[in-house]
Amino acid sequence: MLTKKVEETMNEQLAIELQSAYVYLGMSSYCESISLPGSAQWLRAQAEEEYGHAMRFYNFITDRGARVRLRQLNAPPTDYSSVLAVFEKALDHERSVTGSINKLYDLVAKEKDFASQAWLDWFATEQVEEEKTVGHIVEQLKMVGGKGDALFLIDRELGGRAGA
Ligand code: MG
């Protein structure tokens, strides 16, 4: 069983992960529109990864005998000023997700829900990786400053990320 407060907050995090998938899909569609198919592919793979995170919460809530309560998602932006702006926004987004994972971690520790705490370790580690990866992309995009040939190479490299 989960306490009511943990159940509520786990459901909130499930919605945040689904919203993340939706945000990345919006970013991907923008990159398609400006002919950066590699960046679009990377962001689409990221959207799928976020959906996977959401399903981890879905399964965990169910496994613990609690109820999944789905929420309304918000329409994400599909317009940005540049690919750099996209990845800067992605970095902000990941930092805010890290904040919500940390809050959840703090809650389960206070409630002495040790099973949830151990399970959340994976997410705490995953957020370090997410921020690092997106942070590197932001730095590389800043280095090339929108220059066509270098941007083309970065886009090709981003397109190498596996995904459906
Ligand atoms: Mg996530």
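That block above? That's the structure.
Remember, predicted model here, so these are calculated numbers, not experimental data.

Draft legend 1. Spotlight on unusual backbone geometry. One non-glycine residue, S35, lies in the positive phi region at around 60 degrees. Positionally, S35 belongs in the loop between α1 (4-33) and α2 (37-63). Note on S35: relative accessible area 61%, which makes it exposed. Its identity as a non-glycine residue notwithstanding, K112 has a phi of 55 degrees, on the positive side. Summarising the element assignment, K112 is placed in the loop between α3 (83-110) and α4 (114-144). Residue K112 is classed as exposed on the basis of its relative accessible area, which comes to 61%.

Draft legend 2. Quick peek at the coordination of the magnesium ion. Distances from the magnesium ion to its protein donors, E17 (OE), E50 (OE) and H53 (ND1), fall at 2.1 to 2.2 Å. For the magnesium ion, the single-chain donor residues occur in sequence as E-x32-E-x2-H. In this pair, E50 and H53 both sit in helix α2, three residues apart, roughly one turn of the helix. Here E50 and H53 have matching classes, each one buried.

Draft legend 3. A look at the nonpolar core. Counting 24 residues, the largest nonpolar core has M27, C31, L43, V86 and F87 as the members making the most contacts within it. Among the secondary structure elements, those contributing two or more residues to this core are α1, α2, α3, α4 and α5 (148-158). Those residues within four positions of L43 in sequence are excluded, and the remaining contacts are Y24, M27, S28, C31, V86 and F87. Counting residues in each nonpolar core, the second largest holds 17 residues, with A54, F57, I61 and L104 among its members.

Cut-offs used in this document
- Residues numbered from 1 in each chain as written.
- Predicted model: local features only at pLDDT ≥ 70, side-chain atom pairs only at ≥ 80, totals over all residues.
- Heavy atoms only, no water.
- Helix = DSSP H or I, 4+ residues; strand = E, 2+ residues; numbered from the N terminus.
- Buried < 20%, exposed > 50% of the residue type's maximum accessible area, 1.4 Å probe, protein only.
- Donors = N, O, S within 2.8 Å, 3.2 Å for Na, K, Ca; no water.
- Core = buried A, V, L, I, M, F, W, Y, C linked by side-chain atoms within 4.5 Å.
- Contact = heavy atoms within 4.5 Å.

Purely geometric numbers; function is a separate question.
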